[in-house]
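Working through the structure, step by step
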Amino acid sequence: MEIVHVAAELAPIAKVGGLADVLFGLSRALHAQGHHIEIILPKYDCLDLSGIDELEVLEHDFSCCFQKKHYHNTLWKGKIGKIDLILIESHHPSAFFERGTIYGCDDDLDRFAYFCKASATYIQQKDSPPDIVHLHDWHTALIAPLLPGTKTIFTIHNLAYQGHSPKTLLDKIELPIASSITDDKNPEEINLLKAGIVYADAVTTVSPTYAKEILSPEGGENMQDTLHQHREKITGIINGIDYTYWNPETDTKIPFNYSATTIAIKQKNKRALQHKLSLTEADCPLVSVITRLVPQKGPSLIKHALKHTLKKGGQFILIGSTSDQDTHDEFYQLKCELATSKNVHFELLYNETLSHEVFAASDLFLVPSIFEPCGLTQMIAMRYGSVPLVRFTGGLADTVFPKVNGYGFGPPTNAAIDTALDQALKDWTEQPDTWKRLMKNGMEHNFSWNIPSKKYVALYSNLN
Ligand code: ADP
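1. What to know about the overall build of the protein
Counting its regular elements, the protein contains 17 helices and 17 strands. Relative to the compact-globule value of 23 Å for 464 residues, the protein shows a C-alpha radius of gyration of 22 Å, a close match. Counting only C-alpha atoms and orienting by the principal axes, one finds that the protein spans roughly 65 × 45 × 45 Å. In the protein, which comprises 464 residues, the proportion classed as buried is 59%. Here the analysis covers contacts within the protein between residues at least 6 apart in sequence; of these, 68% occur between residues at least 24 apart. Working note: accessible area of the protein is about 18600 Å², and carbon and sulfur atoms make up 52% of it. Computing the positive centroid from 43 side-chain charges and the negative centroid from 55, the protein places the two 5 Å apart.

2. Considering the packing of aromatic side chains
Taken as a whole and assessed by the stated rule, the structure comprises 16 aromatic pairs. With 6.0 Å between their ring centres and 85° between their planes, Y44 and F97 make a pair best called edge-to-face. Within this pair, whereas Y44 is found in the loop between β2 (36-42) and β3 (53-66), its partner F97 is found in the loop between β5 (83-90) and α2 (108-125), the two being separated by 53 residues in sequence. When its relative accessible area of 2% is taken as the criterion, Y44 is described as buried. Looking at F97, the relative accessible area reads 2%, which means it is buried. Between the aromatic rings of F96 and F97, the centroid separation amounts to 6.4 Å while the plane-to-plane angle is 55°, which identifies the pairing as tilted. We note that F96, like F97, is buried. Feature note: the residues F24, Y245, W246, F359, F365 and Y384 constitute an aromatic cluster, connected by ring pairs. Directly above the ring of F331 sits K303, whose terminal nitrogen or CZ lies 5.5 Å from the centroid.

3. Quick word on the sheet that holds β2
Strands sit in the order β3-β4-β5-β2-β1-β6-β7-β10-β11 across an open sheet of nine strands; the sheet is mixed. Among the strands making up the open sheet, the edge pair consists of β3 and β11 (234-236). The sheet shows a mean angle of 25° between the axes of neighbouring strands, taken without regard to direction. Direction of pairing for strand β10 (residues 202-205) relative to β11: parallel, over a ladder of three bridges. Within β11, the residue paired with T205 across the bridge is G236. On the sheet, α2 packs against β1 (2-6), β2, β3, β4 (69-80), β5 and β6 (132-136) and is oriented at approximately 105° with respect to β3. In the packing of helix α17 (residues 450-463) onto the sheet, the strands contacted are β1, β6, β7 (152-156), β10 and β11, and the crossing angle to β7 comes to about 145°.

4. As for the sheet that holds strand β17 (residues 407-409)
Read from one edge to the other, the open sheet built from six strands follows the order β14-β13-β12-β15-β16-β17, with strand pairing classed as parallel. A single partner strand is all that each edge strand has here, and the edge strands are β14 (344-347) and β17. Across the sheet, the mean angle separating the axes of adjacent strands is 15° when strand polarity is ignored. As paired elements, strand β12 (residues 286-292) and strand β15 (residues 364-367) share two bridges and run parallel to each other. Paired with V287 across the bridge in β15 is L364.

Cut-off values and rules
- Residues numbered from 1 in each chain as written.
- Predicted model: local features only at pLDDT ≥ 70, side-chain atom pairs only at ≥ 80, totals over all residues.
- Heavy atoms only, no water.
- Helix = DSSP H or I, 4+ residues; strand = E, 2+ residues; numbered from the N terminus.
- Rg over C-alpha atoms; globule rule 2.2 N^0.38 Å.
- Buried < 20%, exposed > 50% of the residue type's maximum accessible area, 1.4 Å probe, protein only.
- Contact = heavy atoms within 4.5 Å.
- Areas by Shrake-Rupley, 256 points an atom, 1.4 Å probe, with all protein chains shown as cover.
- Lys, Arg positive; Asp, Glu negative; His and termini not counted.
- Charge placed at Lys NZ, Arg CZ, Asp CG, Glu CD.
- Phe/Tyr/Trp six-rings, centres within 6.5 Å; stacked < 30°, edge-to-face > 60°.
- Lys NZ or Arg CZ within 6 Å of the ring centre and 35° of its normal.
- Pairing = 2+ DSSP bridges.
- Axes fitted to C-alpha atoms, helices over the stretch in contact; angles between N-to-C directions.

So, to be careful, I would describe these as geometric facts and stop short of saying anything about function.
Shown next as structure tokens:
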């Protein structure tokens, strides 16, 4: 099949969170099954161009109609490994993709509406039309109604981000569909995510449990009525992780490679990281978190768990990227308070290399999310033999099983995480065989894209 993906992120060149990993891993798995994959992305000025091969101009003067005027774009093509990439460089006077960031601009609605219009125009002009156009999150949802004759599938990676917009946005891309995408809660607004749900031929979300949760008022983010109306076309397909990229046996970002059969070597990574970060080089449990620090990820539970771990004699590493100044200040203050401790390390930014070292070095990996559509870090942690401790929600509930490969808790309270943490730390200290079994089970379970990608192919095939 000819499959075109359109998204706002792609690892490793434009990554904020899991969406980027999904695009990378799913595309590679689909390509390995013999399908032709093309990914369309904005040519952000902050793209990591070093990750792109054979980058060249495809079209110097590609035109996109926006606000009833024709704007000039440069279309680029390149490759990420064997995957074809199309980059849209806009020359609109607003310099939509020259902001030094992927998201977080006041005019994100305009930026991504423009991207949708340009992508749809490009797809319509292709010599051979694709069999499937796969759209990801609200940033690309408007492409579904812009391409009425094309089979489209829309994946909701996170229902919390919806693209609430004034109706006038649709005039800019000449798409008169406001009445069909009126926001369920605020009828004065339109909801761009809703365009994907209403107009795509199939809708997926990234785990079976999240697919159920979003139909309820508690998990529906005010979209449950629309989702109910379209529930026949909604399925939950759990994400995978890329087993070539995330592989402790071959990972060049970690000092000591190991596998499930040489699990004892993992300990050397812990020592190396303790040394590198000037932590006490002791045999105590190392607990970690790697996350975007946003309310979804349970920042107050993370803070509490950090203090509890230190009280119990463990060490704690937090790599947390913050885009919100208040959250940054809050965690920075805690970092300052604990500056003299040799049992804690804070990294308040995005750090890919350190994340690999931490996955390889940790004993326990926390994901105390308030909600979690799928979650990748618990799977990456397991791949590296770090035992996950999660809140049972969304995809975390679909991948972590007590007494099999990890620990968990239900209510998002300090007491609940304490109970789970105490049990895990006790097992680490007193039950080394139990611990080893949890590590091995995690490492030996197949969380690769192999199975999920086949489910996507089945879905694509059903539409054709
Ligand atoms: P989300 O998409 O909500 O951010 P996921 O668990 O699905 O959460 O995916 C997060 C991805 O981003 C993982 O690959 C994780 O390792 C990575 N990541 C998140 N925050 C950071 C950070 N501060 N530094 C390095 N990697 C990070």
